[in-house]
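Observations on the three-dimensional arrangement
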Amino acid sequence: MTTAKSRLVSIPKSDLDSLEATIETLENQYVMDQLRKSEDDIKKGRVRNAREFLREQI
C-alpha cells in the first residue's frame, strides 16, 4: 500500500469562487429539482421561444 503525499495547489481566486458556487448549487435540493424538471420539460417538448417569452414579460 502506498501513502499519499499532500501538496499545495494554487488556483486563481475566480476559479475557486466558481467552484464554490457550483458546489453550493449542487447542494441546493430546490435548485436541483428545478433542473430535473427543466430537463423533463425539454425532453417532452415543452419549450418556448426565448424572444416570445421575453415579450410576454414586458
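One structure accompanies this document, and this report is about it. (Residues numbered from 1 in each chain as written. Predicted model: local features only at pLDDT ≥ 70, side-chain atom pairs only at ≥ 80, totals over all residues. Heavy atoms only, no water.)

A few words on the overall build of the protein. Of regular secondary structure, the protein possesses three helices and zero strands. Helices and strands in the protein line up, N terminus first, as α-α-α. Its C-alpha atoms give the protein a radius of gyration of 20 Å, clearly above 10 Å, the size a compact globule of 58 residues would have. Principal-axis analysis of the C-alpha atoms places the extent of the protein at approximately 60 × 30 × 15 Å. In the protein, buried positions account for 2% of the 58 residues. Of the roughly 6100 Å² of accessible surface on the protein, a fraction of 54% belongs to carbon and sulfur atoms. A distance of 4 Å separates the average location of the 11 positive side-chain charges in the protein from that of its 11 negative side-chain charges. (Helix = DSSP H or I, 4+ residues; strand = E, 2+ residues; numbered from the N terminus. Rg over C-alpha atoms; globule rule 2.2 N^0.38 Å. Buried < 20%, exposed > 50% of the residue type's maximum accessible area, 1.4 Å probe, protein only. Areas by Shrake-Rupley, 256 points an atom, 1.4 Å probe, with all protein chains shown as cover. Lys, Arg positive; Asp, Glu negative; His and termini not counted. Charge placed at Lys NZ, Arg CZ, Asp CG, Glu CD.)

Before going further, it helps to examine the pattern of salt bridges. According to the stated counting rule, one finds four salt bridges in the structure shown. Between Asp33 and Arg36 there is a salt bridge whose closest N-O contact spans 2.9 Å. Here Asp33 and its partner Arg36 are both found in helix α2 (residues 29-43), three residues apart, which amounts to about one turn of the helix. A residue is classified by how much of its surface remains accessible, and Asp33, at 31% relative accessible area, is partly exposed. (Salt bridge = Lys/Arg side-chain N within 4 Å of Asp/Glu carboxyl O.)

Glancing now at α2. The end-to-end C-alpha separation of α2 is 21 Å, in line with the 21 Å expected for 15 residues at 1.5 Å each. Where α2 starts, the residue carrying a side-chain oxygen 3.0 Å from the main-chain nitrogen of Tyr30 turns out to be Asn28. (Expected span 1.5 Å × (residues − 1). Polar contact = N/O pair within 3.5 Å; in protein donor to acceptor, adjacent residues only side chain to side chain.)

Time to look at the environment of Leu54. Tracing the sequence through the fold places Leu54 in helix α3 (residues 50-57). Once the C-alpha coordinates of Leu54 and Met32 are considered, the two residues, 22 residues apart in sequence, prove to be 24 Å apart.

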